Amino acid sequence: MKGTASDVLIDTICAWGVDVVFGLPGDGINGIMEALRKRQDAIRFIQVRHEESAAFMACAYAKHTGRLGCCLATSGPGGIHLLNGLYDAKLDGQPVLAITGMQFHDLTHTHSQQDVELDKLFMDVCVYNARCMGAEHVENIAELACRTSLAYRGVSHVCIPVDFQEAEAKNGGRSPRNVSGHVSDISAHSVRVPCDEDLHRAADILNTGKRIVILAGRGALHAGEELERVAEKLAAPVVKALLGKAVLPDSSPYTTGPIGLLGTKPSQEAMEECDTILIAGSSFPYIEFMPKPGQARGVQIDSDPVRIGLRYPVEVGLAGDCRRSLEALLPLLHGTRIGVFFRRCKRACASGTK
């Protein structure tokens, strides 16, 4: 890669599919703004009125497209303003890259204007967080920031001192071990499937349930078809957490709508009356709307094993991709001839309370 450190940065994020950057210009990111100006044909810069909006817009972009969102802010207070939107991305599991400027590298820790070490400030919100140490450092950290954000569905942050932004990225300035071209813009995806033992244990619980409810969250967004097949086989209404609202349309015959503060009465009644719950890709936080502990037997599917049993004391956890897990579970389900619970839930929807 040739040009300035900022040119390398923009070329790298373009290679990772970033075609829009939300941000607000400032003198702490002049070099990056110039690189964006030169690449207007490949990447759009959308100027906002406040950096907080840039971070929220990048998060919304990630949510609606499934791609890497990107926001840009200047040094000091500009970067600080990003935090609110970046925490939205962190807590909702969305891939967002934050790029910030920083004080001149040799004025750090000298009480200079806007001498805020943003990489330290962003430590809690990020899955990857790097301060640029020179023009030859940019290619590696920008590539890794994009890769990590997409792989772990979280926030990555690259902070570049203002004087490095316009420095020439010369191969001759690299350390012997930092060879140009030894990074890749190819993303790897892991789609895990639970082990057979856990699948059979889960099926045993679901096959014995009489009043089964499915709680679907963000992790099931790509598994709507499989979710409907499971719901039909188990005669189980699908209750949707807010982040899982798009799993099934509200007009679907299998759903009673959302649950929680913005939920429906049929969904809440289904939760209160169920004897079995299948949690599919959800860490729904409002546990007061969940079945009482001991009321229902539970099975949970989540790609993150740490989140299994986080909101409800389930008996079986299926650590894996939601769609693949449901596909593997379907042949093990016997189906049910008792549809009274499901029909009652649907009648409540039809009565206009959905």
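Residues numbered from 1 in each chain as written. Predicted model: local features only at pLDDT ≥ 70, side-chain atom pairs only at ≥ 80, totals over all residues. Heavy atoms only, no water.

### A word on the overall build of the protein chain
- Helix and strand counts for the protein chain stand at 13 helices and 12 strands.
- Principal-axis analysis of the C-alpha atoms gives the protein chain an extent of 70 × 40 × 40 Å.
- Excluding contacts between residues fewer than 6 apart, the proportion of contacts in the protein chain whose partners are at least 24 apart in sequence is 69%.
- Total accessible area on the protein chain stands at roughly 16,400 Å², and carbon and sulfur atoms take up 52% of it.
- Placing the 38 positive and 41 negative side-chain charges of the protein chain at their respective mean positions leaves the two points 8 Å apart. (Helix = DSSP H or I, 4+ residues; strand = E, 2+ residues; numbered from the N terminus. Contact = heavy atoms within 4.5 Å. Areas by Shrake-Rupley, 256 points an atom, 1.4 Å probe, with all protein chains shown as cover. Lys, Arg positive; Asp, Glu negative; His and termini not counted. Charge placed at Lys NZ, Arg CZ, Asp CG, Glu CD.)

### Remarks on the sheet that holds strand β2 (residues 44–47)
- Strand order in this open sheet of six strands is β2-β1-β3-β4-β6-β5, and the pairing throughout is parallel. What marks the edges here is a single partner per strand, and that holds for β2 and β5 (126–131). The mean inter-strand angle of the sheet, taken between neighbouring strand axes irrespective of direction, is 20°.
- As defined by bridge partners, strand β4 (residues 96–102) adjoins strand β6 (residues 155–161) across seven bridges and the pair is classed as parallel. Of the residues in β6, the one forming a bridge with Leu97 is Ser156.
- Contacting β1 (20–23), β2, β3 (69–73) and β4, helix α3 (residues 51–65) crosses the sheet at an angle of about 170° to β3. (Pairing = 2+ DSSP bridges. Axes fitted to C-alpha atoms, helices over the stretch in contact; angles between N-to-C directions.)

### Describing the packing of aromatic side chains
- Inspection of the entire model under this criterion finds two aromatic pairs.
- Geometrically, the ring pair formed by Phe22 and Tyr61 is edge-to-face, given 6.2 Å between the ring centres and 65° between the ring planes. Taken as a pair, Phe22 in strand β1 and Tyr61 in helix α3 lie far apart in primary sequence, 39 residues in all. Of the two residues, Phe22 and Tyr61, neither departs from the other in class, the shared state being buried.
- Residues Phe284 and Tyr286 carry aromatic rings whose centres are separated by 5.8 Å and whose planes lie at 65° to one another, so their mutual orientation is edge-to-face. (Phe/Tyr/Trp six-rings, centres within 6.5 Å; stacked < 30°, edge-to-face > 60°. Buried < 20%, exposed > 50% of the residue type's maximum accessible area, 1.4 Å probe, protein only.)

### Observations concerning the sheet that holds strand β8 (residues 238–240)
- Here six strands make up an open sheet; going across it, the order is β9-β8-β7-β10-β11-β12 and the pairing parallel. Pairing within the sheet leaves two strands with one partner each, and these edge strands are β9 (255–258) and β12 (316–319). Going across the sheet, the axis of each strand differs from the next one's by a mean of 15°, ignoring polarity.
- Here three bridges tie β8 to β9, and the two strands are oriented parallel to one another. Its bridge partner being in β9, Val238 is matched across the sheet by Thr255.

### A look at unusual backbone geometry
- In the Ramachandran plot, Arg153 falls in the positive-phi region, its phi being about 50° despite a non-glycine side chain.
- Structurally, Arg153 is set in the loop between α7 (138–152) and β6.
- Not every positive phi belongs to a glycine, and Ala235 is a case in point at roughly 50°.
- Take Ala235: it is sitting in the loop between α10 (224–234) and β8.
- Its relative accessible area of 14% is what places Ala235 among the buried residues.

### Observations regarding the environment of Trp16
- One can find Trp16 in the loop between α1 (5–15) and β1.
- Among the residues examined, Trp16 registers a relative accessible area of 9% and is labelled buried.
- Between the alpha carbons of Trp16 and Ala280 there is a distance of 30 Å; along the sequence they are 264 residues apart.

### Focus: the environment of Phe56
- Relative to the helices and strands, Phe56 resides in helix α3.
- With relative accessibility at 33%, the residue Phe56 sits in the partly exposed group.
- As a C-alpha pair, Phe56 and Leu83 span 27 residues in sequence and 9.4 Å in three-dimensional space.
- Among all residues touching Phe56, those that are not within four sequence positions of it are Asn84, Gly85 and Asp88.

### What to know about the packing of α10 against helix α12 (residues 322–329)
- With their axes 9 Å apart at the nearest point, α10 and α12 run at an angle of 35° to one another. Here α10 and α12 pass one another in a crossing that is left-handed. Packed against α10, whose contacting residues are Glu226, Leu227 and Val230, the element α12 presents Arg323, Leu326 and Glu327 at the interface.
- Here the contact of α10 with α12 is composed, by residue class, of three nonpolar, no polar and three charged. (Left-handed = near helix turned anticlockwise from the far one by under 90°. Nonpolar A, V, L, I, M, F, W, Y, C, P; charged D, E, K, R; others polar.)

### What to know about the pairing of β6
- With seven of seven residues buried, β6 lies mostly within the body of the structure.
- Side chains Val155, His157, Cys159 and Pro161 project from β6 onto one buried face, and the interleaved Ser156, Val158 and Ile160 project onto a second face that is buried too.
- Here β5 runs beside β6; their pairing, made up of five bridges, is parallel. Bridging across to β6, Cys126 finds its partner in Val155.
- Crossover β5 to β6 through α7 is right-handed. (Right-handed = clockwise from strand over helix to strand, strands pointing away.)

That's the geometry; what it means functionally is another story.
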